[in-house]
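Summary of structural features
Listed below, chain by chain, are the residues.
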Amino acid sequence: MRTIGELRAALTMGYGFPGDADDFEAELAREINHADPADLTGIVRLVEEFRGRIIARQDPEFDTAVAAAVADIRAARGAAQ
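Quick summary incoming for the structure in this document. As the structure is a prediction and not an experimental result, all values here were calculated from the model. (Residues numbered from 1 in each chain as written. Predicted model: local features only at pLDDT ≥ 70, side-chain atom pairs only at ≥ 80, totals over all residues. Heavy atoms only, no water.)

Glancing now at the nonpolar core. By size, the foremost hydrophobic cluster in this structure holds 10 residues: Leu-7, Ala-10, Leu-11, Phe-24, Leu-28, Ile-43, Leu-46, Val-47, Phe-50 and Ile-54. Where this core is concerned, the elements lending two or more residues are α1 (4-12), α2 (20-34) and α3 (41-58). Ranked by residue count, the leading element in this core is α3, at 5 residues. Not counting residues up to four positions away in its chain, the partners in contact with Ala-10 are Met-1, Tyr-15, Gly-16 and Ile-54. (Core = buried A, V, L, I, M, F, W, Y, C linked by side-chain atoms within 4.5 Å. Buried < 20%, exposed > 50% of the residue type's maximum accessible area, 1.4 Å probe, protein only. Helix = DSSP H or I, 4+ residues; strand = E, 2+ residues; numbered from the N terminus. Contact = heavy atoms within 4.5 Å.)

On to the packing of aromatic side chains, then. For the structure on display, the rule yields 2 aromatic pairs. Measuring from centroid to centroid gives 5.3 Å for Phe-24 and Phe-50, while their planes differ by 70°, and the two rings are edge-to-face. Of this pair, Phe-24 sits in helix α2 while Phe-50 sits in helix α3, and the two are 26 residues apart along the sequence. Classification of Phe-50 by relative accessible area gives buried; the value is 2%. (Phe/Tyr/Trp six-rings, centres within 6.5 Å; stacked < 30°, edge-to-face > 60°.)

Scope: geometric values only; no functional claims are made or implied.
Encoded structure:
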């Protein structure tokens with residue numbers, strides 16, 4: 001994904017998390033509307049964030065890692081009570 005168009009296409013095809021395509025469009029519009037034309041770092045950050053979300057979601061070990069983290073948190077909360 002080298003362009004915003006390719007990123008949009010991937011999100012629209014469901015390669016990110018549920019709701020990412022709509023979230024990306026809303027956040028991109030907000031960043032564009034508030035960006036200084038000489039400083040587009042907010043847009044760059046947004047593109048990097050959503051590109052990372054697509055990459056994470058496509059990682060076959062992602063769901064396992066999230067489940068393990070949730071189990072660890074629940075165990076820690078249970079031990080603290």
